[in-house]
Amino acid sequence: MDGTVLSIWLLRLLFLTLLYLFLWGVVRVLLRDLRAAAREPGAELGRLLVLASPTGEPAVGAAFSLDAVTTLGRDVNNTIVVDDEFASGRHAVLTYRGRAWYLEDLGSTNGSFVNGILVEGVAPLGFGDELQLGNVRLRLERARR
Amino acid sequence: MTGVGRRRLHPRPRRRELTLLAIAGLALVVGSASLEATRRLDPTGSSAGGPEAGFPPGGLLAVYLAGLALAHVALVLAGRRTDQILLPTVGLLGGLSLLLMERLPQDLAGGLGLGRTQLVWLLGSIGLIAGIGAFARGDAWLRLYKYSWAAFGVGLLLLTFVFGREVNGQRLTLAIGPLSGQPSELLKVILVVFLAGYLSENRALLVEQSTRLGPLRLPPLPYLAPMVALWAIALSIVVVQRDLGAALLFFAVFLLLLYVVTARASFVVLGLLAFAAGGAVLYEFVPHVRTRVDIWVDPFAASRAAGYQVVQALHAFARGGILGTGLGAGLPEVGGLPPGGIPALHTDFPFAALGEELGLIGVLAILGLYLVVIERGLRIAASAADDFRAILAAGLSLVIGVQAFIIAAGNLKLIPLTGITLPFISYGGSSLLTNGLVVGLLIALSDRGAEPPPPPQAARGRFRRIFDAVAP
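Sequence order sets the numbering: in each chain, residues are counted from 1 along the sequence as written. Labels follow written order: the first chain is A, the first ligand is 1, and so on. Restriction of local features to residues with pLDDT of at least 70 applies here, the model being predicted, together with a cutoff of 80 or more for giving and counting side-chain atom pairs; totals for whole chains, interfaces and linings are based on all residues.

1. Concerning the overall build of chain A
Here a helix means four or more residues in a row that DSSP labels H or I, a strand means two or more in a row labelled E, and each is numbered from the N terminus. Scanning chain A from terminus to terminus reveals one helix and eleven strands. Counting from the amino terminus, helix and strand elements in chain A follow one another as α-β-β-β-β-β-β-β-β-β-β-β. Once the C-alpha set of chain A is aligned to its principal axes, its extents read approximately 90 × 25 × 20 Å. Here the C-beta atoms are placed from the backbone, and a residue counts as buried if at least 20 other C-beta atoms lie within 10 Å of its own, exposed if 12 or fewer do, and partly exposed otherwise. For chain A, the proportion of its 145 residues judged to be buried stands at 38%.

2. A short note on the overall build of chain B
The helix and strand tally for chain B stands at 17 helices and seven strands. By definition, residues are in contact whenever their C-beta atoms, placed on the basis of the backbone, come within 7 Å of each other. Restricting to contacts in chain B with at least 6 residues of sequence separation, those with at least 24 account for 74%.

3. A look at the sheet that holds strand β6 (residues 100-105) of chain A
Residues and elements named next belong to chain A. If DSSP finds at least two bridges between two strands, the strands pair. Spatially, five strands are ordered β4-β3-β5-β6-β9 in an open sheet, and the strand pairing comes out mixed. Two strands in the sheet have a free side with no partner beyond their single neighbour: β4 (80-81) and β9 (122-125). The pairing of strand β5 (residues 92-97) with β6 spans six bridges and is classified as antiparallel. Of the residues in β6, the one forming a bridge with arginine 97 is alanine 100.

4. Re the interface of chain B and chain A
With 48 residues of chain B in contact, the opposing surface of chain A contributes 37 residues. Taken together, the elements giving at least two residues each to the side of chain B that touches chain A come down to α1 (15-41), α3 (86-103), α7 (183-208), α14 (350-382), α15 (387-411) and α17 (461-470) of chain B. When residues in the side of chain B that touches chain A are grouped by element, the largest group, 14 residues, is from α1 of chain B. Classifying every residue of the side of chain B that touches chain A gives 29 nonpolar, eleven polar and eight charged. Charged residues are taken to be Asp, Glu, Lys and Arg, nonpolar residues to be Ala, Val, Leu, Ile, Met, Phe, Trp, Tyr, Cys and Pro, and polar residues to be all remaining types, Gly included.

5. Regarding unusual backbone geometry
That bond from glutamate 57 of chain A to proline 58 of chain A is cis: its omega, 0°, falls within 30 degrees of zero. A positive phi is found at asparagine 115 of chain A, a non-glycine position, where the angle reads about 50°. Here asparagine 115 of chain A lies in the loop between β7 (112-114) and β8 (117-118). Assessed through the 20 C-beta atoms surrounding it within 10 Å, asparagine 115 of chain A is described here as buried. Non-glycine residue phenylalanine 424 of chain B carries a positive phi angle of around 70°. With respect to the secondary-structure elements, phenylalanine 424 of chain B resides in the loop between α15 and α16 (429-445). On the neighbour-count criterion, phenylalanine 424 of chain B (26 C-beta atoms within 10 Å) is buried.

6. Observations regarding the sheet that holds strand β2 (residues 63-66) of chain A
All names here are of chain A. As summarised here, the arrangement of the six strands in space is β2-β1-β11-β10-β7-β8, forming an open sheet in which the pairing is antiparallel. The two strands at the open ends of the sheet, each matched to only one other strand, are β2 and β8. Note that strand β10 (residues 130-133) and strand β11 (residues 136-142) share four bridges and pair antiparallel. Across the sheet, residue leucine 131 finds its bridge partner in β11, namely leucine 138.

7. Considerations on α15 of chain B
All names here are of chain B. A helix is expected to span 1.5 Å for every residue after the first. Helix length check: α15, at 25 residues, gives a terminal C-alpha distance of 36 Å against a target of 36 Å (1.5 Å per residue), a fit within 8%. Among the 25 residues of α15, 23 are classified as buried, and the element is accordingly described as predominantly covered. Lysine 413 sits one or two positions beyond α15 and adopts a positive phi of about 60°.

8. Observations regarding the packing of helix α9 (residues 244-262) of chain B against α15 of chain B
Residue and element names in this part refer to chain B. Axis definition: a line fitted to C-alpha atoms, over the contacting stretch in the case of helices. Angles run 0 to 180 degrees between N-to-C directions. Where α9 meets α15, the axes come as close as 9 Å, and the angle between the chain directions of the two elements is 140°. In terms of their interaxial angle, α9 and α15 are classed as oblique. Seen from above, α9 lies across α15 with right-handed handedness. Across from Gly245, Leu248, Leu249, Ala252, Val253, Leu256, Leu257, Val260 and Val261 in α9, the residues of α15 making contact are Ile391, Ala394, Gly395, Leu398, Val399, Val402, Gln403, Ile406 and Ile407. Here the residues of the contact of α9 with α15 are counted per class, giving 15 nonpolar, three polar and no charged. Oblique is the label for any angle not covered by the other classes, which are roughly parallel (under 35 degrees), roughly antiparallel (over 145) and roughly perpendicular (65 to 115). In a left-handed crossing the near helix is turned counterclockwise from the far helix by less than a right angle, and in a right-handed crossing that turn is clockwise.

9. Remarks on the confidence of the model for chain A
Per-residue confidence from the predictor is reported as pLDDT, which spans 0 to 100. For chain A, per-residue confidence averages 86 on the pLDDT scale, and residues scoring 70 or more make up 96% of the total. Looking across chain A, the model is least confident in β9 of chain A, with a mean pLDDT of 85, and most confident in strand β3 (residues 69-73) of chain A, with 91.

10. A few points about the nonpolar core
All names here are of chain B. By convention in this section, buried Ala, Val, Leu, Ile, Met, Phe, Trp, Tyr and Cys residues joined through C-beta atoms within 7 Å make up a nonpolar core. Ranked by internal contacts, the top residues of the largest apolar core, which has 162 residues, are Val192, Leu195, Val253, Ile391, Ala393 and Leu442. Per element, the largest residue contribution to this core is 15 residues, and it comes from α15. Not counting residues up to four positions away in its chain, the partners in contact with leucine 195 are Phe254, Leu257, Ile391 and Gly395.

11. Examining the pairing of β10 of chain A
All names here are of chain A. Of the two faces of β10, the one carrying Glu130 and Gln132 and the one carrying Leu131 and Leu133 are both buried. Summarising the sheet, β7 and β10 pair through three bridges and their orientation is antiparallel. Bridging from a neighbouring strand, phenylalanine 113 pairs with glutamine 132 of β10. Here β10 folds back onto β11 in antiparallel fashion, the turn holding two residues, of which glycine 134 has a positive phi close to 60°.

12. Quick notes on the packing of α14 of chain B against α15 of chain B
Between two packed helices, both the angle of their axes relative to each other and the distance between the axes serve to describe the pair. Residues and elements named next belong to chain B. Contact geometry for α14 and α15: axes closest at 8 Å, N-to-C directions at 165°. One finds that α14 runs roughly antiparallel with respect to α15. α14 and α15 meet at a crossing whose hand is left-handed. Counted together, Phe351, Ala352, Leu367, Tyr370, Val373, Ile374, Arg376, Gly377, Leu378, Ile380 and Ala381 of α14 and Ala390, Ala393, Ala394, Leu396, Ser397, Leu398, Ile400, Gly401, Ala404, Ile407, Ala408 and Asn411 of α15 form the full contact between these two elements. For the contact of α14 with α15, the residue count by class is 18 nonpolar, four polar and one charged.

This is how it looks when you write it as structure tokens:
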């Protein structure tokens, strides 16, 4: 009988140990994953993905890392050069203030659109929203982390 | 490689998932062996269920492990870069549930018996996880129809109010023909989907605009309406359904998501104040709530009547101590209420039973497993491509975490007891299937290479115009 009791004790302890072995395995994976995420240069606040661009400048599918202030327009001094015949030289500026994104139209000739609505002055943006300058359409996405 | 339809199969190995599944499987096999050995030692004693005739000991577990392996194969064949932690973690929780249900009196569930019925539901849950994790690519079906989903949820709730069957004084179960289930389980998923849609669309406005009221900065007034509506729904669930747990869960998840989206403590303070006010009123006027709170304050005042469950649960934890009594050696008889048994153990008190049999060490490991689910969910949220997916992932994982906390803390007399299920461990089909749905969605959401989100809709109409009028 003693042998049975002893083996039951061993099985119980082994079971509890295995539960913690599983947790240890998971935590190891989680830590590796978090460290890998921390190593990446993660300074970008968001990304701007090009959805449509008839002239190919910027190229469709390109993704721009965003800082707090990003200017858009035909002029080469803009952060993102939008070479489209319906875009103005200094067309719009995308800013990250506090906790939210804003698109400000800089008095462009043909206007800027957020989700198809003409921007008058400043419009707030969320991740997943679409902007349109001239024929170029872009989508604001969260930074890759 | 063979083509399936037009899409070719591109299997992608999931080594981490396989390793973790192997450890989980080994742990469960050892647990099952320990259960069997304890039963043989004392065949007349506490394990009233006993192995059923014609079914070898551990047979249920073998079927369950085969189900997990199949789910793994399905995810490998799908070839997506998705999360590899959630399936083993949830699988281990489900396995623990199976071990527990196998050793309880089998007559708690009619027909197949407790263990087998639970196995069927667990397999369904795993199937949902694998199916959604492998096939759900786009999220437009959730994103675009949030108001339809919300209407469906409210409709379900109203149906339960009117046609619900009362079980143990709670009107939770809705039966349509042969199907019956607890809509509040599904409702929590619908709530998260709706909140994700609503908050992601109005995030910029909620963060920036505010109405000042003394020292408090309230959200803009038009946006208070849905919040008040949710508060009212939570209250009505308490009053009409007498379901404190679901109400607490909905409200907590709502506040947490609001904080996740806006990072404003004032919203949370406001919500807590509303909660305190609602709680005080309910305590005064709803006898059901008053009983629950009184039991919580002093269960020993009526230890043979209303406080019986809670007192017995406390005794169970005390008997368990640090290492526990061992699987199969606890005293959780339910049917005839012998001294030491806890009524409704398989649905409301599995945490106390596990606390007795696995002890403090085992219970801490189980809480650790829930923490892992939350951590994975929040990581998936942090790396999601857009707001909707981020809020959805955060909300889904918080639903599981908050629900586990509410019932575990209730079992431990940390908060008043509510009749809510412990995710993946409690007995019950509605609960297991919905939680399978939740984890399946989380796995699908973790795939960053998935279909891009659909173009946002322009129709923000009225609210946008209000904002334009206010904006400088």
